[in-house]
Amino acid sequence: MPKVRRAPLRVRERPGEPASWLLRRLAERNGYHEPREFGAAFGLDFEAQARGCGTADLSLVSGLSAEGLAEWSPVSVEKNMISLRGQILRYPFDWDGGVSGPAARACPRCIRSDLRYGSGPRAFRPYVRAWWCLRDVHTCPVHLCALARLHAQEVGAKPLPFWKTCEGIASVSVPASDVEADRYVLGRLGVMPERTFPILDGLPLGEASALLSWLGELANGTEPTDVRLMSPGEAARFRSEGLGLAREWPGRIHARLLELLHGRPEVARGFKGIYGRFYSRLYDDRSNRDSHAGREILKDVFEAHALEAYPFGPNETLFRKQPKQCLRVNMAHAAQICGVERRAMGALIDAFGLPNTADRIRREGIAKAEVEAVRKAYAGRVPAHQAALRAP
């Protein structure tokens, strides 16, 4: 590789631009359509630049300060983890900072502003903001519009300059309420005013962002959902509804879990049948990219809800454990506690004046303390050899 040397033509430093994308602008400014070719010609390790490393060399080539180049460039801190402005993200799950045009997203209104008001040659004014490279950011909270994919380049065709891939991309407005999750993420990075959510704030940013998607699933239903397959506007709304559940922690989550429990269809059975993908995420504790402290926090919230409100069946487990302190049981479990057959439990409930509508018992179960009281009263009132209701 040739010695690192200064490029003859320069570009201006832009606020929020990662070094990997500045490299692309610099390459185009000097007549190279491929950043890799430019790096080879001027002694830069392209792979290191793409990972946000090697800013000292890029500083020599570009004539810009190494500190400025590093500010918005993520650096590796450990396996599958990167740091951006002191915030820890999961890599590559949270960051898509490649320098290929078709993979990039942009705010159409920011690009128009660059072209209209930026300084320097017009072709090199548009630039990528680091937050556009965050996979879970879907909007521009400043302009209240969805991020748009840049124009795809035809296979085998001469690569388009970056600004050409931005030309004419449509702007789709989104309501202010739908950008709340993006505002939170960008606040953590110092792009927007910071918002305080104590539970989320205590997690690394990548984990907190994943939690917003999980809570979005809880807010929107129980079916499996991949937020990254949605349109940007829909994904932003979905995650912002998840952020809504994170307010007044954990009260709103408990309220939503009760809605799912008490409003479930008659055919829904068990934790997976009632709570769907949300419970599956918490139950799946295999070592994978989604294993993080956020899961344990949500498991604690869910366990508190289940032990208080869920009607446990006989030998039913929660996260592979037999609960010891559950407050409610279903009819079959109540019959087991009282030592009677399942079909006879309704008559026993009637006899002792407990709420006995079938639908209420199906949805809410029976308080375990009441069942224990019935068991004691029934055991003292009916001698064992005369207990026709007792199970054999």
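Described below are features of the structure shown in this document. Please read these numbers as outputs of a predicted model, since none were measured by experiment.

## Here we look at the pattern of salt bridges
Thought 1: If you walk through the whole model with that rule in mind, you get 18 salt bridges.
Thought 2: Between arginine 237 and glutamate 241 there is a salt bridge whose closest N-O contact spans 2.7 Å. Of this pair, arginine 237 and glutamate 241 both sit in helix H11 (residues 232-246), four residues apart, which is roughly one turn of that helix.
Thought 3: For glutamate 241, a relative accessible area of 33% corresponds to the partly exposed category.

## Re the pairing of strand E2 (residues 81-84)
Thought 1: By the bridge criterion, three bridges tie strand E1 (residues 75-78) to E2 in an arrangement that is antiparallel. Bridged to serine 76 within E2 is isoleucine 82.
Thought 2: Counted along the chain from E1 to the antiparallel partner E2, the turn is two residues long, and its residue asparagine 80 has a positive phi close to 60 degrees.
Thought 3: Where E2 and strand E3 (residues 87-90) come together, four bridges link them in antiparallel fashion. Its bridge partner lying in E3, leucine 84 is registered against glutamine 87.
Thought 4: Taking the residues between adjacent antiparallel strands as the criterion, E2 and E3 are bridged by two residues, where arginine 85 takes a positive phi near 55 degrees.

## Re unusual backbone geometry
Thought 1: Residue proline 92 is bonded to the preceding tyrosine 91 through a cis peptide linkage, with omega at 10 degrees.
Thought 2: Considering the arrangement of structural elements, one finds proline 92 in the loop between E3 and strand E4 (105-106).
Thought 3: In this structure, the amide linkage connecting tryptophan 249 to the following residue, proline 250, adopts the cis form with an omega of -5 degrees.
Thought 4: Along the chain, proline 250 falls in the loop between H11 and helix H12 (251-262).
Thought 5: One non-glycine residue, arginine 85, lies in the positive phi region at around 55 degrees.
Thought 6: Inspection of the secondary structure assignment puts arginine 85 in the loop between E2 and E3.
Thought 7: Of note in this structure, phenylalanine 319 is not a glycine but carries a positive phi near 55 degrees.
Thought 8: By the secondary structure assignment, phenylalanine 319 is in the loop between strand E8 (311-312) and strand E9 (328-329).

## Points about the state of the cysteines
Where two cysteines share a covalent bond between their sulfur atoms, that bond is called a disulfide.
Thought 1: Applying the stated criterion across every chain, the model contains zero disulfides.
Thought 2: Cysteine 107 provides the cysteine sulfur closest to cysteine 110, a residue in no disulfide bond, and the two sulfurs are 3.6 Å apart.
Thought 3: For cysteine 110, a relative accessible area of 10% corresponds to the buried category.
Thought 4: Take cysteine 145: it sits in no disulfide, and the sulfur closest to it among the cysteines is that of cysteine 107, at 3.5 Å.

## A word on the nonpolar core
Thought 1: Residues Trp132, Leu200, Phe271, Tyr275, Phe302 and Met345 are the most contacted members of the largest nonpolar core, which totals 84 residues.
Thought 2: Counting residues per element, this core draws most heavily on helix H10 (residues 205-220), which supplies seven residues.
Thought 3: The contact partners of leucine 200, leaving out residues within four places of it in the chain, are Tyr184, Arg188, Ala208, Leu211, Leu212, Leu243 and Ala246.
Thought 4: Counting 15 residues, the second largest nonpolar core, distinct from the first, contains Ala27, Phe38, Val61 and Leu69.

## Remarks on the environment of isoleucine 297
Thought 1: Note that isoleucine 297 resides in helix H15 (residues 293-309).
Thought 2: Residue classification places isoleucine 297 among the partly exposed positions, given a relative accessible area of 25%.
Thought 3: Considered as a pair, isoleucine 297 and leucine 282 are 15 residues apart in the sequence and their alpha carbons are 9.6 Å apart.
Thought 4: The contacts of isoleucine 297, once residues within four sequence positions are left out, are Ile199, Leu203 and Trp249.

Cut-offs used in this document
- For every chain, the first residue of its written sequence is number 1, and the numbers climb from 1 along that sequence.
- Predicted model: local features are reported for residues with pLDDT of at least 70 only, side-chain atom pairs are reported and counted for 80 or more only, and whole-chain, interface and lining totals are derived from all residues.
- Computation of side-chain values: all heavy atoms of the structure, hydrogens and water removed.
- Just to be clear on terms, a salt bridge is a Lys or Arg side-chain nitrogen sitting within 4 Å of an Asp or Glu carboxyl oxygen.
- Numbering of helices and strands starts at the N terminus; helices are DSSP runs of H or I of at least 4 residues and strands are runs of E of at least 2.
- Summary of the burial criterion: residues with accessible area below 20% of their type's maximum are buried, those above 50% are exposed, and those between are partly exposed, where the area comes from a 1.4 Å probe applied to protein chains only.
- Two strands pair under a simple rule: DSSP has to find at least two bridges between them.
- Cysteine sulfur atoms that come within 2.5 Å of each other are treated as a disulfide pair.
- Put simply, buried Ala, Val, Leu, Ile, Met, Phe, Trp, Tyr and Cys residues joined by side-chain atoms within 4.5 Å make one nonpolar core.
- Whether two residues are in contact is decided by their heavy atoms: any pair within 4.5 Å suffices.

Any functional reading would require information beyond the geometric quantities listed.
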